Every structure is written in structure tokens, then in C-alpha cells.
Amino acid sequence: MNKENKKTSFLNRMKEKVKRMRQDTLALYYAYSDQGTPWTAKALIWLTIGYLLSPIDLIPDFIPAIGLLDDLIIVPLLIILSVKLIPKGVWNESLRRAEHEPMQLKKANWLFAAIIITV
């Protein structure tokens with residue numbers, strides 16, 4: 001495999017991971033509204049979605065290299081922890097809804113930003 005094919009393959013894998021993370025985020029939103037989700041999971045989902053929607057990051061993005069680490073490490077970690085706390089049936093239904101009922105979550109909610117800053 002030549003260098004160009006490896007680069008294209010890497011970019012395609014990254015695009016798929018980003019797409020999957022968007023779908024998981026929307027599924028978290030749906031799981032949050034479900035009555036079967038425990039309050040501990042709802043608290044972590046609230047923190048996860050709040051962090052994603054907040055225009056403020058723990059590490060500013062303009063810092064070279066490490067500025068994107070929070071988006072590459074913290075966000076997936078929060079998603080994984082949230083999913084572990086959600087009952088399997090609720091998560092499967094939330095994923096199904098995320099696939100069939102897509103919507104856009106915008107990263108401009110100042111209420112979440114104020115809460116994240118306060119915490």
C-alpha cells in the first residue's frame with residue numbers, strides 16, 4: 001500500500017469515527033429523555049452534551065496539537081462512560097431513534113457554557 005492510499009484510508013476511518021460520535025451523541029440525547037435511564041446516567045449525559053455544546057473547551061483549540069486533545073480524548077471518554085450507565089434496552093432504542101430521527105445539536109448554547117465554566 002502506498003503512502004497516498006494509507007492517508008486516504010486514515011481519513012476515511014476518521015470520518016467514520018466522527019459520524020459515529022455524532023450518532024452516539026444524538027442517541028445520548030434520546031436516552032436522556034427516556035424514563036428508563038437512571039439519574040446517574042442522566043447526570044453524566046447532561047455533562048457530556050453540555051460539554052459538547054459549550055463553545056468553551058478545557059484546552060483551547062488554538063493551542064497547537066494539544067488544543068484538540070479534549071475533543072479527541074475527553075469527549076469519547078464521556079460518551080463511553082455515559083453509555084455504560086444506560087440500560088442496554090434504552091441504549092438500543094436510543095440508537096435506533098438516532099438513525100431514523102436525526103436532528104442537529106448546535107455548539108452555541110451559552111447556558112451550558114455558563115454551567116461548565118461554573119463547575
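Since we're looking at a predicted model, the values are computed, not measured.

Participant: Describe the overall build of the chain, listing the residues and the values that go with them.
Facilitator: Along its length, the chain carries five helices and zero strands. Relative to its full complement of 119 residues, the chain shows a buried share of 28%.

Participant: Quick rundown of helix α4 (residues 88–100)? Include the residues and the values.
Facilitator: Across its 13 residues, α4 extends 19 Å between first and last C-alpha, which sits within 8% of the 18 Å expected from 1.5 Å per residue. Restricting attention to buried positions, one finds in α4 the residues Val 90, Trp 91, Ser 94, Leu 95 and Ala 98. Projected down its long axis, α4 carries its buried residues within an arc of 135°, all on one side. The exposed residues of α4 that point more than 90 degrees off its buried face are Lys 88, Gly 89, Glu 99 and His 100.

Participant: Go over the confidence of the model for the chain with me, naming the residues and quoting the values.
Facilitator: Per-chain confidence: the chain averages 81 in pLDDT, with 82% of residues scoring 70 or above. Put simply, helix α5 (residues 110–118) is where the chain has its lowest mean pLDDT, 64, and α4 is where it has its highest, 93.

Participant: Describe the packing of aromatic side chains, listing the residues and the values that go with them.
Facilitator: Counted according to the given criterion, the structure contains one aromatic pair. Taking the ring centre of Tyr 32 as reference, the NZ or CZ of Lys 42 above it sits at 5.8 Å.

Participant: Lay out the side chain of Ser 82 with the relevant residues and their values.
Facilitator: Within the element layout of this structure, Ser 82 appears in helix α3 (residues 69–85). Owing to a relative accessible area of 0%, Ser 82 belongs among the buried residues under this scheme. A polar contact of 2.9 Å, which involves the side chain of Ser 82, links it to the backbone oxygen of Leu 78. With sequence-adjacent residues up to four places away left out, Ser 82 is seen in contact with Leu 28, Leu 44, Ile 45 and Thr 48.

Participant: Kindly report on the nonpolar core, identifying the contributing residues and their values.
Facilitator: The biggest cluster of nonpolar side chains holds 19 residues, and the ones touching the most others in it are Leu 28, Ile 45, Ile 86 and Trp 91. Where this core is concerned, the elements lending two or more residues are α1 (3–33), α2 (39–53), α3 and α4. If you tally residues by element for this core, the top one is α2, at six residues. For Leu 28, the contacting residues outside a window of four places in its chain are Ile 45, Thr 48, Ile 49, Ile 79, Ser 82, Val 83, Ile 86 and Trp 91.

Participant: Before we move on, can you summarise the environment of Pro 76 with the specific residues and values?
Facilitator: Relative to the elements of secondary structure, Pro 76 occurs in helix α3. It is 9.7 Å that separates the C-alpha atoms of Pro 76 and Thr 25, two residues lying 51 residues apart in sequence. Here Pro 76 is in contact with Met 21 and Asp 71, once residues within four sequence places are set aside.

Participant: Could you give an account of the side chain of Asp 24, naming the residues involved and the relevant values?
Facilitator: Relative to the elements of secondary structure, Asp 24 occurs in helix α1. Looking at Asp 24, the relative accessible area reads 13%, which means it is buried. With near-sequence residues (within four places) excluded, Asp 24 lies in contact with Ile 79, Trp 91 and Leu 95.

Participant: Go over the pattern of salt bridges, please, and point to the residues and values.
Facilitator: Applying the stated criterion to the full structure yields three salt bridges. Residue Arg 96 is joined to Glu 93 by a salt bridge in which the shortest nitrogen-to-oxygen separation is 2.6 Å. Note that Arg 96 and Glu 93 are positioned in helix α4 at a spacing of three residues, about one turn of the helix. The exposure class assigned to Arg 96 is partly exposed, which follows from its relative accessible area of 36%. A residue is classified by how much of its surface remains accessible, and Glu 93, at 34% relative accessible area, is partly exposed.

Rules used in this analysis
- Residues numbered from 1 in each chain as written.
- Predicted model: local features only at pLDDT ≥ 70, side-chain atom pairs only at ≥ 80, totals over all residues.
- Heavy atoms only, no water.
- Helix = DSSP H or I, 4+ residues; strand = E, 2+ residues; numbered from the N terminus.
- Buried < 20%, exposed > 50% of the residue type's maximum accessible area, 1.4 Å probe, protein only.
- Expected span 1.5 Å × (residues − 1).
- Arc of directions from axis to C-beta.
- pLDDT = per-residue confidence, 0-100.
- Phe/Tyr/Trp six-rings, centres within 6.5 Å; stacked < 30°, edge-to-face > 60°.
- Lys NZ or Arg CZ within 6 Å of the ring centre and 35° of its normal.
- Polar contact = N/O pair within 3.5 Å; in protein donor to acceptor, adjacent residues only side chain to side chain.
- Contact = heavy atoms within 4.5 Å.
- Core = buried A, V, L, I, M, F, W, Y, C linked by side-chain atoms within 4.5 Å.
- Salt bridge = Lys/Arg side-chain N within 4 Å of Asp/Glu carboxyl O.

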